[in-house]
Amino acid sequence: MRKNSFEIPVSACRSIFFFLFFFLILSLSGCSKSEVQTQTEQTQEEVRIQIGLSFDSFVIERWLRDRDMFVSTAQSLGADVNVQVAGGSVDEQISQIEYFIQKEMDVIVIIAVDGDALRDVVNKAISAGIHVICYDRLISDVNADLFISFDNYQVGVLMAKALIAASPNGGNIFAIYGSPTDLNVDDVVDGFTAALADSNLEIIYSAYCDNWLAELAFDYVNEGFTVSSDIVGVMCGNDDLASQAIKALSESQLAGQVAVVGQDAELSACQRIVEGTQEMTVYKAVEEEAMAAATLAVALARGEDITASSCSCPVSETIVSGEYEIPYYKLDPVAVTADNIDEVIIASGFHSSDDVYLNVQ
């Protein structure tokens, strides 16, 4: 009998079978690889570091710079940042930190409204295994992982030295300090009074501005005038307070005649310095502080030893917080006057020349 012309030889069937089997294996392998890659990407997204950042308020100009640099640095290092603003309310800040604890943040960074009132909630966060960083303001009696700030004692020293230089013959001065709940203020006051000890300047009136409210400085300068208007200088806790102190001096036709000092190098303060109504401000490289804080926050979340030399921002000092001794990343402040404002402020890009000299021909 003649074979069917359409019959496929056995050897050909085997070849087709093996080809189909091999193609199926490749297809399955491809799917498996794609699924594994997708799962890996999802896992990487799930384990991104979570940082809670709680601000006192944005009343002070510099905090916006701190926020932007901190967030951008943390994001570049693979972390997400949840920013909350307490608006100067202790209760609100406690609520925000409670929220961060519930969200099981890896790190909580706090610019404290009140360094004493936050103690319990911060200890609760630490007990929950969350790393805590005291940013710029120390929180008392907590075993935080880090305190990062400028040398606040030196800030006070620089302010005193500027007033001494501006009034070599001595005289009376007012001291308008910052918020009494900001523990850094104590260090500034200590540095300021210590540096004045051997001078001919005498503090005849002093007051504290609750929650750093600038309007209080205006009232306090006028209140100080009831003691004496014969003054040569006014120390202000920051540039915002200085703006209101100078307003009060202007109304008494003393602006430009009385030396005023502040801190933070706000644009308005730098403008007043070149205009001649403010003697000095203390410049703090806040972007450097924010970058270091974000870098150290990520290092803590990854379980790194931030005091080790191998750390990208090693912390070499400590500070006492109640019964605890915690790592302290300290930065140096710089005094800024009309003599060095171009070099320190403009050359660094902190403010532009056009902005600083806006009102000066």
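A brief look at the structure comes next. All values derive from a computational prediction rather than experimental measurement.

### What to know about the sheet that holds strand β2 (residues 79-85)
An order of β2-β1-β3-β4-β5-β12-β11 is seen for the seven strands of this open sheet, with the pairing classed as mixed. Pairing within the sheet leaves two strands with one partner each, and these edge strands are β2 and β11 (317-321). Going across the sheet, the axis of each strand differs from the next one's by a mean of 25 degrees, ignoring polarity. In this sheet, strand β12 (residues 324-331) lies alongside strand β5 (residues 146-150) in parallel orientation, the contact comprising four bridges. Paired with I148 across the two strands is Y329, which belongs to β12.

### Points about helix α9 (residues 267-275)
Every buried residue of α9 is accounted for by A269, C270, Q271, R272, I273 and V274. Tucked into the core, α9 has its buried residues touching α8 (239-251), β10 (280-283), β13 (334-336), α11 (341-346) and α12 (353-356). Remark: G276 follows α9 within two positions and exhibits a positive phi of approximately 100 degrees.

### Observations regarding the pattern of salt bridges
According to the stated counting rule, one finds 13 salt bridges in the structure shown. In this structure, D66 engages R62 in a salt bridge whose closest nitrogen and oxygen atoms are separated by 2.6 Å. In this pair, D66 and R62 are both assigned in helix α2 (residues 62-76), four residues apart and thus about one turn of the helix distant. As far as burial versus exposure is concerned, D66 and R62 are alike and both buried. For the salt bridge of D116 with R119, the shortest nitrogen-to-oxygen distance reads 3.4 Å. Via salt bridges that share partners, R62, D66, D136 and E289 belong to a single interconnected network.

### A closer look at the side chain of Q93
Along the chain, Q93 falls in helix α3 (residues 90-102). On the basis of relative accessibility, which here comes to 0%, the residue Q93 falls in the buried class. Every residue in contact with Q93, bar those within four places of it in the chain, is listed here: S54, F55, D56, A86, I110, I111, A112, V113 and L118.

### Description of α8
In this model, α8 (13 residues) spans 19 Å end to end at C-alpha, consistent with the 18 Å of a helix rising 1.5 Å per residue. Looking at the buried side of α8, the elements it contacts are β6 (171-177), α7 (214-225), β8 (233-236), β9 (259-263), α9 and β10. N-capping of α8 is provided by N238, with a side-chain oxygen placed 3.1 Å from the backbone N of D240.

### Some remarks on the pairing of β10
Across the two faces of β10 the burial is the same, with M280 and V282 and T281 and Y283 all buried. Alignment of β9 against β10, held across three bridges, turns out to be parallel. The residue of β10 that forms the bridge with V261 is M280. With three bridges joining them, β10 and β13 adopt antiparallel strand pairing. Paired with Y283 across the two strands is V334, which belongs to β13.

Conventions used here
- Residues numbered from 1 in each chain as written.
- Predicted model: local features only at pLDDT ≥ 70, side-chain atom pairs only at ≥ 80, totals over all residues.
- Heavy atoms only, no water.
- Pairing = 2+ DSSP bridges.
- Helix = DSSP H or I, 4+ residues; strand = E, 2+ residues; numbered from the N terminus.
- Axes fitted to C-alpha atoms, helices over the stretch in contact; angles between N-to-C directions.
- Buried < 20%, exposed > 50% of the residue type's maximum accessible area, 1.4 Å probe, protein only.
- Contact = heavy atoms within 4.5 Å.
- Salt bridge = Lys/Arg side-chain N within 4 Å of Asp/Glu carboxyl O.
- Expected span 1.5 Å × (residues − 1).
- Polar contact = N/O pair within 3.5 Å; in protein donor to acceptor, adjacent residues only side chain to side chain.

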